[in-house]
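# Structure at a glance
Residues per chain, in single letters:
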Amino acid sequence: MTDSKYFTTTKKGEIFELKAELNSDKKEKKKEAVKKVIASMTVGKDVSALFTDVVNCMQTENLELKKLVYLYLMNYAKSQSDTAIISVNTFVKDCEDSNPLIRALAVRTMGCIRVDKITEYLCEPLRKCLKDEDPYVRKTAAVCVAKMHDINAQLVEDQGFLDLLKDLLSDSNPMVVANAVAAISEILETSPTAQQSLEMNIGTINKLLTALNECSEWGQVFILDAISNYNPKDDKEAQSICERVTPRLAHANAAVVLSAVKVIMKLMEMLDPHSDYITMLVKKLSPPLVTLLSAEPEIQYVALRNINLIVQKRSDILKAEMKVFFVKYNDPIYVKLEKLDIMIRLTNQGNIAQVLAELKEYATEVDVDFVRKSVRAIGRCAIKVEQAAERCVSTLLDLIQTKVNYVVQEAIVVIKDIFRKYPNKYESIIATLCENLDTLDEPEARASMIWIIGEYAERIDNADELLESFLEGFQDENTQVQLQLLTAIVKLFLKRPTDTQELVQQVLSLATQDSDNPDLRDRGYIYWRLLSTDPAAAKEVVLAEKPLISEETDLLEPTLLDELICHISSLASVYHKPPNAFVEGKASLRRSLPPRSQSDSMDAQPASSLESPTSNVSSAPQATVIPGADSLIGDLLDMDLGGPTPFQQQQMYQQMPQQSQPQQSGVVDFLGGEGLDSLLGGGGGMDSLGGLGDIFGAASSNSYVPPAEVWLPASKGKGLEINGTFARKNGQIFMELTFTNKAMQPMVGFAIQFNRNSFGLTPASPLQVQSPLIPNSSASASLQLNTSGQIQKMDPLLMVQVAVKNSIDVFYFSSMIPQHVLFTEDGEMDKKEFLASWKEIPTTNEVQYVITDVQHNADTVSQKLRNNNIFTIAKRNVEGQDMLYQSLKLTNGIKVLAELKIAPGNPNFTLSMKCRVLDIYTGIQTAYDTILHN
């Protein structure tokens, strides 16, 4: 009879009976009783009252009984911590048993008992087991070190277990090595202090590679993951590791294959991209990835998500394997959608005909989600391969003729993008699109159709009627449709002002007076003011030529892609998110691909470069890929039709002609006396923006001035006290000084001199102080500084040593210059320059700080920082958090890029910075902290 009988009992009040059986002299009866206890524990009954009786059964030679008792002990030791101490002696004794299975069982159970009192007693038995003669015991003890580190990290580090664990990497048994690697990886994930003790070197890596051939498949996965975290010193070392890892690509286990791919993808970054060895590796990587697609659907999906990352990084690996990504009729929907995505990434001029034929076939499938994605894919092909655009448009028109509602709607959405990519080329199809207006019921399709009507209003005779038909249900429309309708009608008015005045007034009234949506209201007000004040300017803004859209709009942002390549074969590569985005409390170091060995010298820049401006960032090659709107840095080239930055807007509006009255050429002031003035409580004296100058960044800035400090006390200055601070005014640095005479005699002949300092600060003119300075009186002086003096790196970096002379003596003092007064007014980067710079600066240069207790929202933070020459390049909302991307420039030309993460309701902000010069980070962080708290 099987042990299932122990789970079927319905007896009540059996604790007493079990107690008697556990204390029986008969071994079989004892074993039966323990099995009953374990069965009760498994189904959720509380049998903790039997703790002492069960623990007394530990002292037995019977391995089966000992396992059962240890199982009970693991479950109840935490709740019975005082009584559990009696088991320690048995553990110690079992760790010296002649049977290696019992020794291993004891050490495994020790690691699972999470009781601090017991943990301290287990150090000696664990130390012996780590040096045990039997490999089974050693491999079990290795895992126990990781478990004990989780319970009490300090104890493990103090007792030297990390060194013993590192010694196991040289063990003769490959399974011991694999378990040691797994334990080390676990410890490094949670303990930054263990990094130095467990740091890998080429000797250790060679030992791991030797063990790799003899390990079990999961041991191989652990070893390959550890190797992927090692950065070789040069390309020869990288190539050597690649050669020894490549055979793993032929393994039958998908996890081993993907782990090997991860190692090779990472190390390929260090090798010469034009070498024959890279070509050979690319050929070798293709077959194993293709093989993964013949596995069951779940493994296929994981493989496809990883292949998606690999293709974005190196599309040449699978460029000849398009057919394996063609969809099969019995593929699950999640596999179909993923294959479709990869097909588009691999599409080129050579295979476009084949791909288009497939996509057209897919568009007639029964699965609605798959059909929608297929139609969108045809549009993406048109945008990606210009030579095939006409065939794609023709295919889309054929699909529209099917009159299948959701197919028509998706086709209209992608045709809008094709119009953006190829202006004045395919507009002849607009009439066909307009025939399907009545069938559109999805917001995105309606918004796309409205955009087409507004953009090509001059070609559509009844454009006003079409837009008016949408306007009838304006309040019921989705916000996306309302915003698009407002812009389209304003475009129509600017193109045909005479017969659309009533229509534009109607939509502006609906947007500004009847709507609760702030985005819609604000856009309505701006259009209203522009049209009232300067229709010519409105025409330049609203009808401006739009930039062509990118061929790939959904690529991952490059730094994120590099990080995810380092996480191939993990959950991060399936979610396409870094681990800290979905694992709570995950704060491990951000992984990045190693730099190419020959470019190491270029990436490194000594701290002494503070003495001269950094190399001009704008000379870097421009990004060839515009990241998607779902990426963070990608928003810098965002989807708002390439709108100018606040600085560019300010420049644009300053160049417009200033007019006291609205222009009348061809456009009447259709607002009459009830314009925006009355809505805003308006009055006269507005600027050319109708009083909205501050929206476009034209407001005056107020730089923060720190409170004055005592730089020279009277006791050290022979009666002269100097108070002062630094300020930035009108683009210049000023030293604001107050001299107080506390001596008994007047003072004259004041002069000042600076020692060499980190930023070359020196007086721009002689010091002017009221003379004579009579006793018990004060005089203020504002001393302009320039940065043309001699440079010497100071410690601390921002210290300035000053000498002041007067008729009594020469006095010396030092002061700390606030970092923010060194931020220049020309620190605002162009979006593309920012993106190129962010990618160019190594990830190792990125640092992160937390700024605590900030009582401001994203908009006020942005304005405060702008007032101090920290410029917000772009802002976007990601999963409820505001992300501000910022740039600043120091007087010596060093540029700093920053990302400020603001979560609603959380007063703690996360500041990430990138710069080529590491020494300035502390000063910049202090500047942020000071500005945001004052």
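Within an unreviewed UniProt entry, the label attached to the chain reads AP complex subunit beta, and the organism entered is Littorina saxatilis. According to the UniProt record, the Subcellular location (unreviewed entry) comment for the chain reads "Endomembrane system". Recorded in UniProt under Sequence similarities (unreviewed entry), the annotation for the chain is "Belongs to the adaptor complexes large subunit family."

What follows concerns the overall build of the chain. Secondary structure assignment for the chain yields 39 helices and 13 strands. Summarising the internal contacts of the chain: among those between residues at least 6 apart in sequence, 68% fall at separations of at least 24. Carbon and sulfur atoms make up 49% of the accessible area of the chain, which amounts to about 42800 Å² in all.

Quick look at the sheet that holds strand β9 (residues 847-851) now. Strand order across the open sheet formed by five strands is β9-β13-β12-β11-β10, with antiparallel pairing between neighbours. Either end of the sheet is taken by a strand with one partner, and the two such strands are β9 and β10 (871-878). Going across the sheet, the axis of each strand differs from the next one's by a mean of 20 degrees, ignoring polarity. Bridging between strand β12 (residues 895-902) and strand β13 (residues 909-914) involves five bridges; their strand directions are antiparallel.

Attention shifts here to the environment of valine 541. Examined against the element boundaries, valine 541 turns out to sit in helix α31 (residues 535-542). Along the backbone, valine 541 and leucine 530 are 11 residues apart, and their C-alpha atoms lie at a distance of 9.2 Å.

Within the largest apolar cluster, 210 residues are counted, with the highest numbers of intra-cluster contacts made by Tyr72, Leu126, Leu208, Ile223, Leu359 and Phe419. The contact partners of phenylalanine 419, leaving out residues within four places of it in the chain, are Tyr426, Glu427, Ile429, Ile430, Leu433, Trp451, Ile452 and Tyr456. If you look at the next biggest cluster of nonpolar residues, it comprises 60 residues, including Leu785, Leu890, Leu900 and Ile931.

Taken together, the side chains of Glu465, Glu468, Glu472 and Glu502 present a region of like negative charge at the surface. Here glutamate 465 shows up in helix α27 (residues 463-471). Its relative accessible area of 53% is what places glutamate 465 among the exposed residues.

For glutamine 784, the position within the fold is in strand β6 (residues 777-786). On the accessibility criterion, glutamine 784 (29% relative accessible area) is partly exposed. C-alpha of glutamine 784 to C-alpha of phenylalanine 734: the two residues are 50 residues apart in sequence and 4.5 Å apart in space. Leave out the neighbours within four places in its chain, and glutamine 784 touches Gln732, Ile733, Phe734, Pro763, Ala764 and Ser765.

A word on the state of the cysteines. Tallying each qualifying case throughout the model produces zero disulfides. Its sulfur unpaired, cysteine 392 is 5.5 Å from the next cysteine sulfur, which belongs to cysteine 381.

Another aspect to go through is the packing of aromatic side chains. Scanning the model with the defined rule gives 10 aromatic pairs in all. With a centroid separation of 5.3 Å and an interplanar angle of 45 degrees, the aromatic rings of tryptophan 711 and phenylalanine 726 are classed as tilted. Residue tryptophan 711 is found in strand β1 (residues 709-712), and its partner phenylalanine 726 is found in strand β2 (residues 720-729); the two are separated by 15 residues along the sequence. The exposure class assigned to phenylalanine 726 is buried, which follows from its relative accessible area of 1%. Taking 5.9 Å as the distance between ring centres and 20 degrees as the angle between the ring planes, the aromatic pair formed by phenylalanine 834 and tryptophan 838 counts as stacked. Note that phenylalanine 834 and tryptophan 838 are positioned in helix α37 (residues 831-840) at a spacing of four residues, about one turn of the helix. Residue class for phenylalanine 834 comes out buried when judged on its relative accessible area of 0%.

Looking now at the confidence of the model for the chain. Looking at the chain, the pLDDT average stands at 80 and 85% of residues meet or exceed 70. This stretch, residues 598-701, has a pLDDT under 50; its non-local contacts, to residues over four places away or in other chains, come to 174 contacts.

Quick look at the sheet that holds β1 now. Spatially, β1-β2-β3-β6-β5 is the arrangement adopted by the five strands of the open sheet, whose pairing is antiparallel. The sheet is open, and its two borders are formed by β1 and β5 (762-763), each paired with just one other strand. Of the pairings in the sheet, the one linking β5 to β6 comprises two bridges and is antiparallel in character. Of the residues in β6, the one forming a bridge with proline 763 is leucine 785.

Working note: α-helix, 3.6 residues per turn, so residues spaced by three or four point in the same direction. Turning to helix α16 (residues 235-245), its buried residues number three or more, namely Glu237, Ala238, Ile241, Cys242 and Val245. Within α16, the buried residues cover an arc of 140 degrees as seen down the axis, which keeps them to one side. Looking at the buried positions of α16, the neighbouring elements they touch are α14 (202-212), α15 (217-228), α17 (254-268) and α18 (276-292). At the N-terminal boundary of α16, the capping side chain belongs to aspartate 234, with an oxygen 3.2 Å from the backbone nitrogen of lysine 236.

On inspection of all chains with the given rule, the structure shows 33 salt bridges. Taking the shortest distance from any N to any O, the salt bridge between aspartate 225 and lysine 262 comes out at 2.8 Å. You can see aspartate 225 sitting in helix α15 and its partner lysine 262 sitting in helix α17, a full 37 residues away along the chain. When its relative accessible area of 23% is taken as the criterion, aspartate 225 is described as partly exposed. Overall, lysine 262 belongs to the buried group, its relative accessible area being 4%. Here aspartate 809 and lysine 718 are joined by a salt bridge, their closest N and O atoms 2.7 Å apart. Here the residue aspartate 809 occupies a position in the loop between β7 (799-805) and β8 (810-816), and lysine 718 occupies one in the loop between β1 and β2, the gap between them amounting to 91 residues.

Moving on, we come to the pairing of strand β11 (residues 881-889). Along β11, seven of the nine residues are buried, which leaves the element largely enclosed by surrounding structure. Connecting the antiparallel pair β10 and β11 is a turn made up of two residues, with glutamate 879 showing a positive phi of about 50 degrees. As paired strands, β11 and β12 are joined by eight bridges and run antiparallel to one another. Directly across from serine 887, in β12, lies its bridge partner leucine 897.

In this model, serine 771 is joined to proline 772 through a cis peptide bond whose omega is 0 degrees. Omega for the peptide link from aspartate 795 to proline 796 comes to 5 degrees, which places this bond in the cis form. Along the chain, the position of proline 796 falls in the loop between β6 and β7. Positive phi is not limited to glycine here, since serine 569 has a value of about 70 degrees. By secondary structure assignment, the location of serine 569 is in the loop between α32 (558-565) and α33 (571-575). Note on serine 569: relative accessible area 28%, which makes it partly exposed.

This paragraph deals with helix α38 (residues 858-867). When α38 is considered as a whole, its buried residues turn out to be Ala858, Val861, Ser862, Leu865, Arg866 and Asn867. The opening residue of α38, the one whose side-chain oxygen lies 3.1 Å from the backbone nitrogen of aspartate 859, is asparagine 857.

With that out of the way, let us pick up the environment of threonine 844. Take threonine 844: it is sitting in the loop between α37 and β9. We classify threonine 844 as exposed; its relative accessible area is 67%. On a C-alpha basis, the gap between threonine 844 and proline 594 in space is 9.5 Å, while along the polypeptide they are 250 residues apart.

Moving on, we come to the packing of helix α20 (residues 333-346) against helix α22 (residues 368-384). The geometry of α20 relative to α22 is characterised by a closest axis approach of 10 Å and an angle of 5 degrees between their N-to-C directions. The angle between α20 and α22 places the two elements in the roughly parallel class. Taking contact as the criterion, the partners of Ile333, Lys336, Leu337, Leu340, Asp341, Ile344, Arg345 and Leu346 in α20 are, on α22, Asp369, Phe370, Lys373, Ser374, Ala377, Arg380, Cys381 and Lys384.

This part covers the packing of α14 against α15. Interhelical geometry of α14 versus α15 gives an angle of 155 degrees and a closest axis separation of 10 Å. As summarised for this structure, α14 and α15 are arranged roughly antiparallel, according to the angle between their axes. Remark: the crossing between α14 and α15 carries left-handed chirality. Taking contact as the criterion, the partners of Ile205, Leu208, Leu209, Ala211 and Leu212 in α14 are, on α15, Gln220, Ile223, Leu224, Ala226 and Ile227.

Parameters and conventions
- Each chain has its residues counted from 1, following the order in which its sequence is written.
- Reporting of local features is limited, given that this is a predicted model, to residues whose pLDDT is at least 70; pairs of side-chain atoms are given and counted only at 80 or more, and all residues count toward the totals for whole chains, interfaces and linings.
- Side-chain numbers here rest on the full set of heavy atoms in the structure, without hydrogens or water.
- UniProt positions are given in the numbering used here, feature names are shortened, and annotations may be inferred rather than shown by experiment.
- To qualify as a helix, a DSSP run of H or I must reach at least 4 residues; to qualify as a strand, a run of E must reach at least 2; elements of each kind are numbered from the N terminus.
- Whether two residues are in contact is decided by their heavy atoms, any of which lying within 4.5 Å being enough.
- Every accessible area reported is derived by Shrake-Rupley at a probe size of 1.4 Å, with residue values counting cover from the shown protein chains alone.
- Two strands form a pair only when DSSP identifies at least two bridges running between them.
- Angles run from 0 to 180 degrees between N-to-C directions of axes, and those axes are lines fitted to C-alpha atoms, restricted for helices to the stretch in contact.
- To define a nonpolar core, start from buried Ala, Val, Leu, Ile, Met, Phe, Trp, Tyr and Cys residues and group those joined through side-chain atoms within 4.5 Å.
- We call a residue buried when its accessible area falls under 20% of the maximum for its residue type, exposed when it is over 50%, and partly exposed in between, using a 1.4 Å probe and counting protein chains only.
- By definition, no residue in a patch forms a salt bridge, and every one has over 30% relative accessible area; like charges are joined within 9 Å, nonpolar side chains (Val, Leu, Ile, Met, Phe, Trp, Tyr) within 5 Å.
- For salt bridges, the criterion is a side-chain nitrogen of Lys or Arg within 4 Å of an Asp or Glu carboxyl oxygen.
- The charge count includes Lys and Arg as positive and Asp and Glu as negative, but it does not include His or the ends of the chains.
- A charge is said to be at NZ when it belongs to Lys, at CZ for Arg, at CG for Asp and at CD for Glu.
- Any two cysteine sulfur atoms lying within 2.5 Å of each other are counted as a disulfide.
- Centres within 6.5 Å make a pair out of two Phe, Tyr or Trp rings, where for Trp the six-membered ring is used; the pair is then stacked when the planes are under 30 degrees apart, edge-to-face when over 60, and tilted otherwise.
- Values of pLDDT, the confidence the predictor places in each residue, fall between 0 and 100.
- Throughout, the arc means the angular range of directions from the helix axis out to the C-beta atoms.
- Between N or O atoms, a polar contact is any pair within 3.5 Å; within protein, one atom must be a potential hydrogen donor and the other a potential acceptor, and residues adjacent in sequence are included only when both atoms are from side chains.
- Here is the rule for angles: anything less than 35 degrees is roughly parallel, anything more than 145 is roughly antiparallel, 65 through 115 is roughly perpendicular, and the remaining ranges are oblique.
- Left-handed is the label given to a crossing in which the near helix is rotated counterclockwise from the far helix by less than a right angle, and right-handed is the label when the rotation is clockwise.

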